Amino acid sequence: NGNDKKKFKEERLLCSSSRVLHLRHIPSDVTEAEIISLGLPFGEVNNLLMLKRKNQALLEMASEEAAISMVKYYTHAVPHFRSQPVYVQFSNYKQLQTDDLPDQAGIQDTLQAMNTMQSGRLVLRSAFAAKDQLLPVQGSVLRIIVEDHVYPVTLEMLHQIFSKFGTVSKIITFTKNNQFHALLQYSDPVNAYYAKMDLDGQSIYAGCCILRIDFSKLATLKVKYNNDKSRDFTRSDLPSGDVQPFLEPCVPPAFGTQNIIFLSDAGATGFVPAMSFSQGAGNNAINTIPGLLVPAVPGPLSSLAFTMSAVPGQMTALGVTRVPGTSVLLVSNLNPDVSLFGVYGDVHRVKIMFKKKENALVQMADATQAQLAITYLNGQRLHGRFLRTAFSKYHTIQLPRDGQRDQGLTKDYSNSTLHRFKKPGSKNFHNIFPPSATLHLSNIPPSVTVDYLKDLFASTGAAVKAFRFLQKDCKMALIQLGSVEEAVHALIDLHNHYLGENHHLRVSFSKSTV
């Protein structure tokens with residue numbers, strides 16, 4: 001009968017049991033943190049190997065008993081990611097050997113962080129249980145306000161930060177009273193409780209973008225569109241509406257997965273994982289949160305900072321691990337252009353390598369800006385080559401001494417008038433976006449026409465697809481080019497281009513479409 005068949009199937013599974021589990025049919029955008037979260041309810045997770053190209057993963061539990069419990073449970077209650085079933089079975093491997101594989105250092109940081117977090121939760125549960133009390137859960141929807149909103153905060157960043165505590169099903173972001181607000185719904189109210197407990201009062205970036213979290217009175221969220229303002233992670237069929245479609249952060253393949261908001265943790269070798277925890281310096285530093293453009297989020301009760309070291313001016317983000325406290329970048333495979341790097345921070349100095357002219361050091365104003373440059377420019381294609389950007393071992397670029405021959409390889413831009421971020425609280429901090437085919441133009445004088453601007457951008461070799469002015473006085477406009485690479489090249493060539501009437505064109509990447 002049916003029960004006998006089910007029992008036989010379970011017994012057959014147990015005969016081939018192993019600590020290592022094989023997970024299949026994993027959606028391509030699922031993070032390491034989400035995979036690890038499948039195993040944590042059953043025990044400590046020892047290791048993880050993501051097989052992205054095959055949409056598979058290998059997960060090693062600390063004990064065979066934990067692995068058996070996990071397979072038994074998920075055989076009957078199939079887990080889902082992005083509304084897609086994921087299948088869990090025993091692997092033929094008895095142990096994972098991943099020490100020599102790229103990006104594994106970051107995954108190990110993520111594992112340590114999540115295992116530590118799980119241990120803390122179990123202690124908390126036990127404390128309430130000892131008093132015959134339930135956790136003070138108040139619902140699955142959180143209301144989030146970002147105070148001191150200096151640097152960009154995106155829906156994807158929030159998703160990566162809060163996914164550390166459980167499955168996030170829906171997010172809606174909006175601006176109210178000139179403050180960034182968000183409503184975020186978990187599939188389980190207990191996860192919402194832990195997220196509020198750990199993240200309330202933490203900083204996404206060191207010293208700013210502070211999270212204020214409370215429970216919402218709403219029982220559930222109704223999301224109509226999937227875009228950069230709202231998203232239902234259980235519904236991939238929703239339209240994008242009139243807003244720009246939802247975009248994943250631009251994380252170069254060489255640095256691992258999209259976990260945006262992560263910081264580079266190993267110099268030129270790799271990006272910090274999606275869910276790392278790291279202990280920063282200072283009282284406001286916290287362990288990192290999984291998978292954010294933010295470096296590893298500090299463990300429970302720390303400051304999430306998007307930082308590389310929990311020092312103000314550095315990106316200590318939620319979800320990062322060891323973070324370099326340097327503002328100097330190593331740029332390879334292409335000579336860096338000040339205008340391009342200047343989109344993500346103020347370039348102070350540049351030094352071209354004497355023996356390798358295609359390599360250079362670039363010193364930004366601080367480590368936060370250096371991290372932004374890595375996040376958005378590493379892996380960017382330009383002139384048919386891929387730009388590689390990582391943290392340098394140097395903390396400053398030394399200017400040549402008097403009389404020292406330098407052949408003009410070292411340039412000082414500390415006092416450049418082209419710096420976009422020299423004013424504290426500048427609105428430019430809120431308009432930092434990944435390279436895109438659409439460019440935002442500003443400081444256009446009244447005498448300049450549409451045809452002139454189209455011809456100007458076409459002169460860079462770009463195909464102009466669309467153009468429109470944003471205001472009646474025509475001081476700002478959007479122009480869409482044939483590709484992201486064409487737009488990057490045009491920005492380099494035309495930012496600060498003189499248009500007459502004492503006006504210099506300002507060019508930046510846009511999140512909008514024409």
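One can find the structure itself at the top, above this paragraph.
Nothing here was measured: the structure is a model prediction, and the numbers come from that model. (Residues numbered from 1 in each chain as written. Predicted model: local features only at pLDDT ≥ 70, side-chain atom pairs only at ≥ 80, totals over all residues. Heavy atoms only, no water.)

Caption draft 1: Structural context of the sheet that holds strand β21 (residues 464-469). The sheet built from 4 strands is open, its strands ordered β21-β22-β20-β25 with antiparallel pairing. At either end of the open sheet lies a strand with only one pairing partner, and these are β21 and β25 (506-509). Across this sheet, the average inter-strand angle for adjacent strands is 20 degrees, counted without regard to direction. As judged from the 4 bridges shared by strand β20 (residues 438-442) and β25, these two strands associate in the antiparallel manner. Bridging across to β25, Ser 442 finds its partner in Arg 506. (Pairing = 2+ DSSP bridges. Helix = DSSP H or I, 4+ residues; strand = E, 2+ residues; numbered from the N terminus. Axes fitted to C-alpha atoms, helices over the stretch in contact; angles between N-to-C directions.)

Caption draft 2: Quick peek at the sheet that holds strand β3 (residues 56-61). Pairing within the open sheet is antiparallel, and its 4 strands lie in the order β2-β3-β1-β6. In this open sheet, the two edge strands, each paired with only one partner strand, are β2 (45-51) and β6 (87-90). Taking each pair of neighbouring strands and ignoring which way they run, the sheet shows an average axis angle of 20 degrees. Here 4 bridges tie strand β1 (residues 20-24) to β3, and the two strands are oriented antiparallel to one another. Within β3, the position partnered with Leu 21 by the bridge is Leu 59. Packing against the sheet, helix α2 (residues 32-39) makes contact with β1, β2 and β3, and its axis sits at approximately 135 degrees to β2. Sheet strands in contact with helix α3 (residues 64-76) are β1, β3 and β6, and its direction is about 140 degrees off that of β6. (Contact = heavy atoms within 4.5 Å.)

Caption draft 3: Fine view of the environment of Ser 163. Looking at where Ser 163 falls in the secondary structure, it is placed in the loop between α5 (155-162) and β8 (168-176). Each C-alpha atom of the pair Ser 163 and Thr 31 lies 9.2 Å from the other, and the pair is 132 residues apart in sequence. Polar contacts involving the side chain of Ser 163 include one to the main-chain carbonyl oxygen of His 159, which spans 2.5 Å. (Polar contact = N/O pair within 3.5 Å; in protein donor to acceptor, adjacent residues only side chain to side chain.)

Caption draft 4: How the structure looks around helix α9 (residues 450-458). All of the buried residues along α9 are Leu 453, Leu 456 and Phe 457. On an axial view of α9, the arc spanned by its buried residues comes to 90 degrees, and they lie on one face. Seen from the open side of α9, the exposed residues pointing more than 90 degrees away from its buried face are Asp 451 and Asp 455. Check the buried side of α9 and you find it contacts β20, β21, β22 (477-481), α10 (484-494), β23 (498-500) and β25. (Buried < 20%, exposed > 50% of the residue type's maximum accessible area, 1.4 Å probe, protein only. Arc of directions from axis to C-beta.)

Caption draft 5: Highlighting the pairing of β3. Taking burial as the measure, the 6 residues of β3 include 5 buried ones, the bulk of the element. Bridge count between β2 and β3: 6 bridges; the pairing is antiparallel. In the sheet register, Met 50 faces β3, and the bridge partner there is Ala 57. Taken together, β2 and the strand that follows it, β3, pair antiparallel across an intervening segment of 4 residues, in which Asn 55 is found at a positive phi of about 55 degrees.

Caption draft 6: Expanded view of the packing of aromatic side chains. Evaluation of the coordinates by the stated rule reveals 4 aromatic pairs. With centroids separated by 5.4 Å and ring planes inclined at 70 degrees, the aromatic side chains of Phe 42 and Tyr 74 adopt a geometry described as edge-to-face. One end of the pair, Phe 42, is in the loop between α2 and β2; the other, Tyr 74, is in helix α3, and 32 residues separate them in sequence. Tyr 74 gets classed as buried once you look at its relative accessible area, which sits at 10%. Centre to centre, the rings of Tyr 193 and Tyr 194 are 5.6 Å apart; their planes meet at 65 degrees, and the pair counts as edge-to-face. You'll find Tyr 193 and Tyr 194 in the same group, each marked buried. (Phe/Tyr/Trp six-rings, centres within 6.5 Å; stacked < 30°, edge-to-face > 60°.)

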